[in-house]
Amino acid sequence: MKKGMWKEIKQAPFFSARSLKAIMPIILYLVLSISNVIFLAMSMKHIPEAVAYAIWSGIVIGFAAVIDQIISKKPMKPATIIFVLMILLGVVGLRLGTN
């Protein structure tokens, strides 16, 4: 390998910290999406599909609201807290109602 060629490879965009920082959300999205499908499929073996999907959606909405507040670092409005808790309460009710 020529000296100049290695220098060019090291300076390629995929070796910089900035590009790795930019690609991490994409990698995280792919990993979480695949795990989302796997765990939803596993849950559908034990409970009806509509209930599993409703529960899964409620959990995702709750996590998304919490993560949004952590990332944006804004205080959560009381109404937002109440409605997210209502969604999560509905998820618990759906789960208890399927037994």
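Refer to the structure presented above.
Definitions and limits used
- Residues numbered from 1 in each chain as written.
- Predicted model: local features only at pLDDT ≥ 70, side-chain atom pairs only at ≥ 80, totals over all residues.
- Heavy atoms only, no water.
- Helix = DSSP H or I, 4+ residues; strand = E, 2+ residues; numbered from the N terminus.
- Contact = heavy atoms within 4.5 Å.
- Areas by Shrake-Rupley, 256 points an atom, 1.4 Å probe, with all protein chains shown as cover.
- Axes fitted to C-alpha atoms, helices over the stretch in contact; angles between N-to-C directions.
- Parallel < 35°, antiparallel > 145°, perpendicular 65-115°, else oblique.
- Left-handed = near helix turned anticlockwise from the far one by under 90°.
- Nonpolar A, V, L, I, M, F, W, Y, C, P; charged D, E, K, R; others polar.

Colleague: Whenever I open this one, the overall build of the protein chain confuses me. Can you help?
Modeller: When helices and strands are counted, the protein chain shows four helices and zero strands. Of the regular secondary structure in the protein chain, the N- to C-terminal order runs α-α-α-α. In the protein chain, 47% of the contacts between residues at least 6 apart in sequence involve partners at least 24 apart. Of the roughly 8,400 Å² of accessible surface on the protein chain, a fraction of 75% belongs to carbon and sulfur atoms.

Colleague: Sorry if this is basic, but what is going on with the packing of helix α3 (residues 49-72) against helix α4 (residues 78-97) here?
Modeller: Each packed pair of helices is defined by two parameters, the angle between the axes and the distance between the axes. In the contact formed by α3 and α4, the axes pass within 9 Å of each other and the chain directions differ by 155°. Relative to α4, the element α3 is oriented roughly antiparallel. Note that α3 runs across α4; the crossing there is left-handed. Along its contact with α3, which presents Val51, Ala54, Ile55, Gly58, Ile59, Ile61, Gly62 and Ala65, the element α4 presents Val84, Ile87, Leu88, Val91, Leu94 and Arg95. Here the contact of α3 with α4 is built from residues that sort into eleven nonpolar, two polar and one charged.

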